[in-house]
Each structure stands twice: as structure tokens, then as C-alpha cells.
Amino acid sequence: MSDSFHAMWRSLRPIGRSAASGGYRRYAWTQADADCRLWFRMQAEARRLDVETDRNGNQWAWLGDPTAGDAVVTGSHLDSVPDGGAFDGPLGVVSAFAALDELRSRGASFKRPLAIVNFGDEEGARFGLACVGSRLTAGRLTKEQAYELRDADGTSLPQAMEAAGYDPSGIGPDPERLARVGAFVELHVEQGRALDLSGDAVGIASSIWPHGRWRYDFAGEANHAGTTRLVDRRDPMLTYAETVLAARREAELAGAVATFGKIAVEPNGVNAIPSMVRGWLDARAADQGSLDKVVAGVEAAAREYADRHGIDLAVVRESYTPIVEFSHVLRDELSRILGTSGKVPVLGTGAGHDAGILSESIPTAMLFVRNPTGVSHSPAEFAAEDDCVAGVIALADVLEELACR
């Protein structure tokens, strides 16, 4: 099993990697995405699994009859954030194949169908909405809404799918497919340091914090940077900068997190006062009340600053996910399976996942593998080899109990 894990990791690692940053640029419906999809197919076929791509662009590799129902499914995603790390998403897919190898080496006999899945466009790096593949499947993103998604170049999601050789006409809710699934378990590198601090290699997720993305459009007046007096300016960059500081302040007060991590400026000239600054707020908190307080506080501050500087402000909520409490029955089952050698920590997370999107439709659970630095969405993201192998063994133990007994 260890050999197969490392062989897969080596073969996947170069795909979509930037020589300049060392990070990954595996965006939905691009060549890097196509290469990842081919890699997934090759791994599945090498293990004699039946591979299919559903109408929303998610890949499924099946052991057993998919139509039998009550299937156990595992996997994650292969796409990345801009210049992201190697582990976020791919660790779950590689570990899924490696766990199957481990079960076969044990001589396991499967009583339920097993599937490994690669969900499309989980990170939302190209079209600005996370978990597009699982959202469509679960009916939490309509076909009409999906057709409105566009990347920075103005390419729509259906246009991108067509360019990649896929038919977008059938995208949308897929209740028949979800009805086949009895349980979904997603393994993921921890995006934080809780396991490092507790000294555990593997943990179990309890919940996902409520979170969302808001676009702030600050409209001012373009003018010459060298000839326009300060008092005559309507500079939206000032309001944007003050709003960034307000987000940090509101998050600290609520014990939450808030980040402006993306910005677009028009006309984007060194010697020009901007006419428009667009900034995207990512806000997350342990409970809904705290999140509401942060979001309301940031917007109130932004509007106060906008009024002061003569700036027009529009705020649009682009995505939102309420708190996710994973199935307590399945979570407790994982604790029982993995707790034979000691108590396994159960922890919450501020990061969204496909498992969270699917949780309203099917029983879902998550395993986390220790991240000693806590760094994620960065080339510095890391998990030690021994911990990765421990994650594979834990996943194999879970799958054996759920699918073989």
C-alpha cells in the first residue's frame, strides 16, 4: 500500500505545477484539469474499476454495481486554488485508491458497492464559486445559476465545458445518483494545526463553520494621479483599504476570520486613480450569529467610509454555506472503528468541502490528516509521509467496516 501511495503521488505531483511559484494551477475545465482527469481514469482502470463522468463533470470509479444502492463512496477533488498546495484535495483521491489497494491486500470481500469520486471545480478558482460539481449534483446550484458563472476572461461555465469536450446541457440536480450512496467519507489534509497540537496523525470532523463570499464594488472616479488634488479625488482604493482593516477588526471582535484575498482594479494603471475597485470578502465563524455580526459590521463600516469619500458601494453575496453538522451516526461509527487503539480527536473546521455540500442529501463524514505547519492554500502546504500512510490505513479501516461487514 505504501508503495502504491508514493507511486501515485509522484505521478500526480507534476500536473499543473507552476515552475515559478512551486504551487498548483489546476483550474476547472483547463488542460491541467483534463490531465488530472486522465490521471484519475488511468488509476481507476489500472484497478479494474468502471469509470464514468456524470452530467455535472464529476468522475466516479466503481467497484461493484452502482445501481445496487447503499454504496460506500470516498474521494475528494483534484483542482486547486491559484498557486495552491499539493495536498488539498489530491490527498483524499490518492488515499482513496491506496486504501482500496490496502483492502485488496487484506483479502477484503465487499458486500456493498464502493466508489471513488473526483468532484469537479471544488475550489472555485476559475468561476468564483466553490464546490460547483457537488452543488449541482445536490441541487444547491441550479442550471440557470451555473450558466451565469463566468471567469475573469468572460468565458461562461457552459462555454468552458464545451471547450473541454463536455456537454453542459444536462447539468443540474442528480437525485438518482445520490440515491445510490449510503455513505460518503472524505479524507482531507487538515487546514489548521489542531492535530499537530494534540499530537495525533488522524482526526475526525465534527462540523464545518458557516461561511460565504461577498463581492464589494467600490465605484469612484478615474483621474490623473499626478494632477488631481487630494481634496478633489473620489478614490475607491481608500475606501477599499479601510474596509480591509475593518474586516480584520470585526473578525477579531467576534472570534471569527475574515479575509479580502482577491481584488480587481479598473483601469489598473500606475498613474491613474481607479474608477472601480472590486474586492471579495471571505468570512467564516464557528456559529451563525458570529458570522452575521462580522458580515454586518464589515458592510456597515464600508458604507460609512464610502459616504465619507463620495464612493458608490454595492455588496453582492456570491455564495453562502450554513453550518454543517456531519451525520452524528456516521461520525460516531468512525470514532468506534478508529478508536480501538485510543481516542481519536473530533474537531471542527473553517474550510468548506464537498462532504459539507452533500451532507443535506446523504450521510457524510470526514477524516483529517495532520498538517504540521497548519499552512494551506499555499505551496508550503505539507503532510509527512508517515501521517499520509496513517491516513490511508484509517480510511481503509473505515471502508472495510462500512463496505465489507
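See above for the structure.
Residues numbered from 1 in each chain as written. Predicted model: local features only at pLDDT ≥ 70, side-chain atom pairs only at ≥ 80, totals over all residues. Heavy atoms only, no water.

Would you explain empty space enclosed by the protein in this entry?
Remark: the empty space left among the atoms is shown by a probe the size of a water molecule rolled over them. Tallied over the full model, the rule gives 4 cavities of 30 Å³ or more. Size it by volume and the largest cavity reaches roughly 70 Å³. As for the largest cavity, its lining consists of A28, W29, D33, R37, N56, G120, D121, V132, G133, L136, L157 and M161. Of all the secondary-structure elements, those providing two or more residues to the lining of the largest cavity are α2 (31-46), α4 (132-138) and α6 (157-163). With 3 residues, the single largest contributor to the lining of the largest cavity is α4. For the lining of the largest cavity, a count of residues per class yields 6 nonpolar, 3 polar and 3 charged. (1 Å grid on protein atoms, 1.4 Å probe; cavity = no way out; pocket = protein on both sides within 12 Å on 5 of 7 lines; lining within 4 Å. Points joined across faces, edges and corners; volume = space filled by probe spheres on them. Helix = DSSP H or I, 4+ residues; strand = E, 2+ residues; numbered from the N terminus. Nonpolar A, V, L, I, M, F, W, Y, C, P; charged D, E, K, R; others polar.)

Would you mind showing me how to read the sheet that holds strand β9 (residues 257-266) here?
By definition, the strands of a sheet pair up through backbone hydrogen bonds, in either a parallel or an antiparallel sense. One open sheet accounts for 4 strands, arranged β9-β11-β7-β12; its pairing is antiparallel. If you trace the sheet from one side to the other, it starts and ends with β9 and β12 (312-321), each paired once. Pairs of neighbouring strands in the sheet enclose a mean axial angle of 15°, with direction left out of account. One ladder, built from 9 bridges, connects strand β7 (residues 211-219) with β12; its direction is antiparallel. Following the sheet pairing, W214 is matched in β12 by R317. Along the sheet, helix α9 (residues 236-254) contacts β7, β9 and β11 (276-284); its crossing angle with β9, the most-contacted strand, is approximately 170°. (Pairing = 2+ DSSP bridges. Axes fitted to C-alpha atoms, helices over the stretch in contact; angles between N-to-C directions. Contact = heavy atoms within 4.5 Å.)

How should unusual backbone geometry be read in this particular structure?
Among all residues save glycine, negative phi is the norm, and among peptide bonds the norm is trans. The amide bond that connects E266 to the next residue, P267, takes the cis arrangement and shows omega of 0°. You can see P267 is positioned in the loop between β9 and β10 (272-273). Unlike most non-glycine residues, D70 shows phi in positive territory, near 60°. Following the sequence through the fold, D70 ends up in the loop between β2 (59-63) and β3 (71-77).

Which parts of the structure should I look at to understand the nonpolar core?
Generally speaking, soluble globular proteins have nonpolar side chains that are buried together. W39, L91, F97 and L367 are the most contacted members of the largest nonpolar core, which has 54 residues in total. Per-element tally for this core: the top contributor is helix α13 (residues 385-404), with 10 residues. Excluding residues that lie within four positions of it along the chain, L367 makes contacts with V185, E186, L187, H188, V202, G203, I204, L334, L338, A394, L395 and V398. (Core = buried A, V, L, I, M, F, W, Y, C linked by side-chain atoms within 4.5 Å. Buried < 20%, exposed > 50% of the residue type's maximum accessible area, 1.4 Å probe, protein only.)

Please explain the packing of α9 against helix α10 (residues 288-309) as it appears in this structure.
In a pair of packed helices, the angle between the axes and the distance between the axes together describe the arrangement. Look at α9 against α10: their axes get within 9 Å of each other, and the N-to-C directions meet at 155°. The angle between α9 and α10 places the two elements in the roughly antiparallel class. Judged by the twist between their axes, the crossing of α9 over α10 is right-handed. Judged by residue contacts, L238, T239, E242, T243, A246, A247, R249, E250, A251 and A254 of α9 engage S290, K293, V294, G297, V298, A301, A302, Y305, A306, R308 and H309 from α10. For the contact of α9 with α10, the residue count by class is 11 nonpolar, 5 polar and 5 charged. (Parallel < 35°, antiparallel > 145°, perpendicular 65-115°, else oblique. Left-handed = near helix turned anticlockwise from the far one by under 90°.)

Help me understand helix α3 (residues 90-105), please; the structure alone is not making it clear to me.
One full turn of an α-helix is made of 3.6 residues, so residues set three or four places apart face in the same direction. Compared with the 22 Å implied by 1.5 Å per residue over 16 residues, the 23 Å span of α3 between its first and last C-alpha is a close match. Most of α3 sits out of view: 14 of its 16 residues are buried. Positive phi appears at G107, one or two residues downstream of α3, with a value of about 75°. (Expected span 1.5 Å × (residues − 1).)

How do you make sense of helix α11 (residues 328-338) when you look at a structure like this?
Within α11 the residues assigned to the buried category are L330, R331, L334, I337 and L338. Projected down its long axis, α11 carries its buried residues within an arc of 125°, all on one side. Contacts made by the buried residues of α11 are with β5 (181-189), β6 (202-208), β13 (324-325), β14 (346-349), β15 (364-369) and α13. (Arc of directions from axis to C-beta.)

Without other data, these values stay purely geometric and don't point to any function.
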